[in-house]
Amino acid sequence: MRDYLAHEVRNVAVLGHSGAGKTAVLESMLFFTKASERFGRTSEGSSLIDYDPEEIRRGISVYTAIVPIEWKECKINFLDTPGYADFTGEKEAALAASDNALIIVGAKEGIQSGTIRACEEAQSRKLPTIFFVNKTDEEHASFDNAYQQLRDTFGKSVIPFEVPILENGEVIGSVNILRDKAWYFKGEKANPNQAQPVPDDMLDLVKGYKDQIAEAVAMGDDDLMEKFFNGEEFSEAELTKGVRLGVRSGEICPVFSGSANLTVGIERLMDLIIKYFPAYGEAGSYLAMEGAGSEPIMLETNEKEKFSAQVFKTIVDPFVGRISYLKVLSGVLSADSMVYNTQKDKQEKISQIFIVKGKHQTAVGKLFTGDIGAVVKLQVTQTNDTLCEKGSAYRVEPIVFSQPMLGMAVFPKTKNDEDKLSNALARICEEDATLRLENNQETKQTVLYGVGDQHLEVALNKLKTRYKVEVTLKTPKVAYRETIRATIIGEGRHKKQTGGHGQFGHVFVEFAPNPEETEMVFAEKVFGGAIPKGYFPAVESGLRECMEKGILAGYKVVNVKATLLDGKYHDVDSSEMAFKLAAHLAYKDAMPKAKAVLLEPIVDVQVKVPDEFTGDILGDFNKRRGAIMGMDLKDGYQMVNAQVPLAEMQNYAIELRAMTKGRGTYTQVFERYDPVPQSLSERLIQRLKEENEA
């Protein structure tokens, strides 16, 4: 593979619903361009792209794969993304490295939730977009239905550029609208490499679609608009120029049709990408931040500019070490060079550079502006870090990854697993920005957060196969708390005589509700030297120890003010330990009479769902004891704000997806603690006691 410059490289994210055939389209391209010797299939384990054991077992893409295709003196870096919503972090990384989007749609299934998500993500990043309606050869497939759904959902910018030819309900070829030519792969005229005239019965259809293209082209140019309304036909050059501008602006989203499995439409799809998708270099410049003060600076997107690159994906291999996937944003990256990591304020040695093609890696000497590759064994560099020349300090806008909301407590199966678990978890979290690890000090649990249940399952399988660590998952404990509602004075008298010096401490402590402060507040009102001041810290220490375990279910006691009122001491037998134990006794004396109540954490939840699901969301929050705090409709999505007990949100990530057909998302943050309703309190306290004693 030769070196490619910025104006020769197109970076394309391949998006769509799981099962639409994204990987198959790329496998077809590899086979068609003779970059691979066979048409690989994920389910058979022969795919060049989906080669991970987890992908083979599931028959779907789990990780983003880079698939460079050389076509007509250009290089297209395809980034094949998972369609399943659990692996959204892989897709978000790929989109950050892409300049264009190819969305694959199944001709039988039509638009699905993954299709809508893909289009919204491409639009939010203003990526030029092409749709490819795949599997037109399958039984019950309908290009017309798929196209109409696309146009109804995404508007009149969606225009067919290649449509199938039907004979007795079967697809036998396709017509390219702009070229006014037909290609047949079945029937009497079958010759997929030979262009033929458009069938007579499709002339009107093709003209109608061509008029749609002409109208869209005219909208972007005043001269062409006048020509269009005068009924004049556009020349091929005018159409080509207009479509290029329209695709770049988002005013035109071409729809292609074909079959990856039969390699139908693949060649013309690659032609379309080369012809109408912008090369990286066409951007001209990009915005970076420079120096400690983060001053904005524009860097040119060409090879003459100073070097800068962003790491968008990291793999931590137990044998190879860290593999960093990066996109060169400006300048040239050379092997055997030193670069500077702005975020870590460290220099890194670039030993080798690789061009990645699925599971294969090819060493190269340089990587030019706009191109995508990988480097190995960087010491401190992680995903989202910026690399630049020594003496520079550029910082690129970081990739924003989805927040993982589904948490599960992780427990090692054996002592050997326990020893290796912490390091293994840290490594898989370094690879995946949508995994998060939390060591909860209150519940004494290690909680792993992911996007969904399949996401966590893949992470656990990686722990087992790559790091030889086996774990089990359980629903994490909720960090309940306890407090009191009554003011009570407790007495604690510790006296012990063992021969020689004894132990003596006697205290009276007032326990009162104190909602102003979360932690216990200690005060003293001792008069007349009843207790020497030197023993006050011991009393406070004893009380704080007791507050760690309440009398209802063993949870931390909060919102309490403890005031040392009075007591007695002995010149010989009193000690700090004696007064500490006396404080324990005062706590045990007072708490059963202080009207203790259980507190539960309340989280502030923000849910984003299509408006059609609003009723389901509101009804569901009502079942979860939630309170709706506000709603805001924007661009067809309802933003629902609610406050809900954390205990009711444990599996919400899974349940929200089921309620909204995969289109709902949410975030939650801790808000406050509220008393558990009386109707639930007794039963809950009994259950929590049993769990804590187990």
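What you see is a predicted model; the values in this text were computed from it and never measured.

## Here we look at the overall build of the protein
A tally of helices and strands in the protein yields 16 helices and 36 strands. For the protein, the spread of C-alpha atoms along the principal axes amounts to about 110 × 60 × 50 Å. When each of the 694 residues of the protein is scored for burial, the buried share is 53%. For the protein, long-range pairs separated by at least 24 residues make up 70% of all intrachain contacts whose partners lie at least 6 apart in sequence. When the accessible surface of the protein is summed, it comes to about 31800 Å², and 48% of that surface belongs to carbon and sulfur atoms. Each charge sign in the protein was given a centre, from 84 positive and 101 negative side chains, and these centres are 5 Å apart.

## Re the packing of aromatic side chains
Inspection of the entire model under this criterion finds 13 aromatic pairs. Taking 6.3 Å as the distance between ring centres and 75 degrees as the angle between the ring planes, the aromatic pair formed by phenylalanine 511 and tyrosine 587 counts as edge-to-face. Linking phenylalanine 511 in strand E30 (residues 503–513) with tyrosine 587 in helix H13 (residues 576–590), this pair joins segments that are 76 residues apart in sequence. Residue phenylalanine 511 is classed as buried on the basis of its relative accessible area, which comes to 0%. Ring geometry for tyrosine 535 versus phenylalanine 579: centroids 4.6 Å apart, planes at 20 degrees, classification stacked. Highlighted residues: tyrosine 535 in the loop between strand E31 (521–524) and helix H12 (536–547) and phenylalanine 579 in helix H13, separated in sequence by 44 residues. For the pair tyrosine 535 and phenylalanine 579, a shared accessibility class is recorded, and that class is buried. Members of the aromatic cluster, joined through ring pairs, are Phe143, Tyr147 and Tyr209. Positioned above the aromatic ring of tyrosine 4, the side-chain terminus of arginine 2 is 4.0 Å from the ring centre. Lying across the ring of tryptophan 183, arginine 268 places its NZ or CZ 4.1 Å from the centre.

## Details of the pattern of salt bridges
Per the stated rule, a full pass over the model turns up 39 salt bridges. In this structure, lysine 91 engages glutamate 121 in a salt bridge whose closest nitrogen and oxygen atoms are separated by 3.2 Å. Residue lysine 91 is found in helix H3 (residues 88–96), and its partner glutamate 121 is found in helix H4 (residues 113–124); the two are separated by 30 residues along the sequence. As a salt-bridge pair, lysine 210 and aspartate 180 come within 2.8 Å of each other at their nearest N and O atoms. With lysine 210 in helix H6 (residues 203–218) and aspartate 180 in the loop between strand E8 (170–176) and strand E9 (181–184), this pair connects stretches of sequence that are 30 residues apart. Residue aspartate 180 is classed as partly exposed on the basis of its relative accessible area of 34%.

## With respect to H4
The end-to-end C-alpha distance of H4 is 16 Å, a good match for the 16 Å that 12 residues give at a rise of 1.5 Å each. The set of residues buried in H4 consists of Ser113, Gly114, Thr115, Ile116, Arg117, Ala118, Cys119, Glu121 and Ala122. Where H4 is buried, its residues touch strand E1 (9–16), H3, strand E4 (100–106), strand E5 (129–134), helix H5 (143–154) and strand E35 (637–645). Of the residues one or two after H4, lysine 126 is the one with positive phi, at around 55 degrees.

## A short note on unusual backbone geometry
One non-glycine residue, threonine 263, adopts positive backbone phi at about 55 degrees. Tracing the chain through its elements places threonine 263 in the loop between strand E10 (253–257) and helix H9 (266–276). Of note, lysine 377 is a non-glycine position whose phi angle comes to about 60 degrees, a positive value. On the secondary structure map, lysine 377 appears in the loop between strand E21 (372–376) and strand E22 (386–388).

## Side note on the packing of helix H10 (residues 415–431) against helix H11 (residues 453–467)
Helix packing for two helices is described by the angle between their axes and how far apart those axes are. Between H10 and H11, the shortest axis-to-axis distance is 10 Å and the interhelical angle comes to 120 degrees. Comparing their axes, H11 and H10 come out oblique. Taken as a pair, H10 and H11 cross one another with a handedness that is right-handed. On H11, the residues that touch Lys420, Leu421, Ala424, Leu425, Arg427, Ile428 and Glu431 of H10 are Ala459, Lys462, Leu463, Arg466 and Tyr467. When grouped by side-chain class, the residues that make up the contact of H10 with H11 number seven nonpolar, no polar and five charged.

## Observations regarding the layout of surface pockets
When its volume is computed, the largest pocket comes out at roughly 1200 Å³. Lining the largest pocket are 33 residues, and of these Glu92, Glu121, Ser402, Lys608 and Thr665 sit closest to its centre. Counting only elements with at least two residues in the lining of the largest pocket, the list comes to H3, H4, strand E33 (596–610), strand E34 (627–634), E35, helix H15 (652–659) and strand E36 (665–675). Sort the elements by how many residues they give to the lining of the largest pocket and H4 lands first, with four residues. Residues of the lining of the largest pocket, tallied by class, amount to 12 nonpolar, nine polar and 12 charged.

## Quick notes on a negative patch on the surface
On the surface, Asp222, Asp223, Glu226 and Glu232 cluster together into a negatively charged patch. For aspartate 223, a relative accessible area of 60% translates into the label exposed.

## Here we look at the environment of methionine 408
Among the structural elements, methionine 408 can be located in strand E24 (residues 406–412). For the pair methionine 408 and valine 332, spaced 76 residues apart in the sequence, the C-alpha separation amounts to 44 Å. With near-sequence residues (within four places) excluded, methionine 408 lies in contact with Thr446, Val447, Leu448, Leu456, Leu473, Lys474, Thr475 and Pro476.

## Looking at the pairing of strand E11 (residues 285–290)
As paired elements, E11 and strand E12 (residues 295–300) share six bridges and run antiparallel to each other. Following the sheet pairing, tyrosine 286 is matched in E12 by leucine 299.

## Some details on the nonpolar core
By size, the foremost hydrophobic cluster in this structure holds 78 residues, and its most contacted members are Met29, Phe78, Leu102, Phe131, Leu150, Leu269 and Ile273. Once you skip the residues sitting within four places of it in the chain, phenylalanine 78 turns out to touch Val12, Val14, Leu26, Met29, Ala65, Ile66, Val67, Ile69, Leu102 and Ile273. Core analysis: the second largest hydrophobic core is formed by 33 residues, Ala424, Leu435, Ala642 and Tyr652 among them.

## Remarks on the pairing of strand E2 (residues 65–71)
Here E2 lies mainly inside the structure; six of its seven residues are buried. Pairing between E2 and strand E3 (residues 74–80): seven bridges, direction antiparallel. Within the sheet, the bridge partner assigned to tryptophan 71 lies in E3 and is cysteine 74. The hairpin turn running from E2 into E3, its antiparallel successor, is two residues long, and lysine 72 in that turn takes a positive phi close to 50 degrees.

## A short note on the sheet that holds strand E7 (residues 162–167)
Pairing in this open sheet of three strands is antiparallel, and the strands run E7-E8-E9 from one edge to the other. Looking at which strands have only one partner, the edges of the open sheet turn out to be E7 and E9. Averaged over all pairs of adjacent strands, the angle between their axes in this sheet comes to 35 degrees, without regard to strand direction. One ladder, built from six bridges, connects E7 with E8; its direction is antiparallel. Residue pairing for E8: glutamate 167 is matched across the bridge by glutamate 170.

## Some remarks on the sheet that holds strand E32 (residues 560–568)
The four strands are arranged E29-E30-E32-E31 in an open sheet whose pairing can be described as mixed. Both edges of this open sheet fall to strand E29 (488–496) and E31, since each of them pairs with a single strand only. Strand-to-strand twist in this sheet, taken as the mean axis angle between neighbours without regard to direction, amounts to 25 degrees. Inspection of the sheet shows E29 paired to E30 by nine bridges, in the antiparallel sense. By the bridge assignment, glutamate 491 is partnered in E30 with phenylalanine 508. Together, E30, E31 and E32 form the strand contacts of H12, whose direction differs from that of E31 by roughly 150 degrees.

The rules behind the values
- Residues numbered from 1 in each chain as written.
- Predicted model: local features only at pLDDT ≥ 70, side-chain atom pairs only at ≥ 80, totals over all residues.
- Heavy atoms only, no water.
- Helix = DSSP H or I, 4+ residues; strand = E, 2+ residues; numbered from the N terminus.
- Buried < 20%, exposed > 50% of the residue type's maximum accessible area, 1.4 Å probe, protein only.
- Contact = heavy atoms within 4.5 Å.
- Areas by Shrake-Rupley, 256 points an atom, 1.4 Å probe, with all protein chains shown as cover.
- Lys, Arg positive; Asp, Glu negative; His and termini not counted.
- Charge placed at Lys NZ, Arg CZ, Asp CG, Glu CD.
- Phe/Tyr/Trp six-rings, centres within 6.5 Å; stacked < 30°, edge-to-face > 60°.
- Lys NZ or Arg CZ within 6 Å of the ring centre and 35° of its normal.
- Salt bridge = Lys/Arg side-chain N within 4 Å of Asp/Glu carboxyl O.
- Expected span 1.5 Å × (residues − 1).
- Axes fitted to C-alpha atoms, helices over the stretch in contact; angles between N-to-C directions.
- Parallel < 35°, antiparallel > 145°, perpendicular 65-115°, else oblique.
- Left-handed = near helix turned anticlockwise from the far one by under 90°.
- Nonpolar A, V, L, I, M, F, W, Y, C, P; charged D, E, K, R; others polar.
- 1 Å grid on protein atoms, 1.4 Å probe; cavity = no way out; pocket = protein on both sides within 12 Å on 5 of 7 lines; lining within 4 Å.
- Points joined across faces, edges and corners; volume = space filled by probe spheres on them.
- Patch = residues over 30% accessible without salt bridge, like charges linked within 9 Å, V, L, I, M, F, W, Y side chains within 5 Å.
- Pairing = 2+ DSSP bridges.
- Core = buried A, V, L, I, M, F, W, Y, C linked by side-chain atoms within 4.5 Å.

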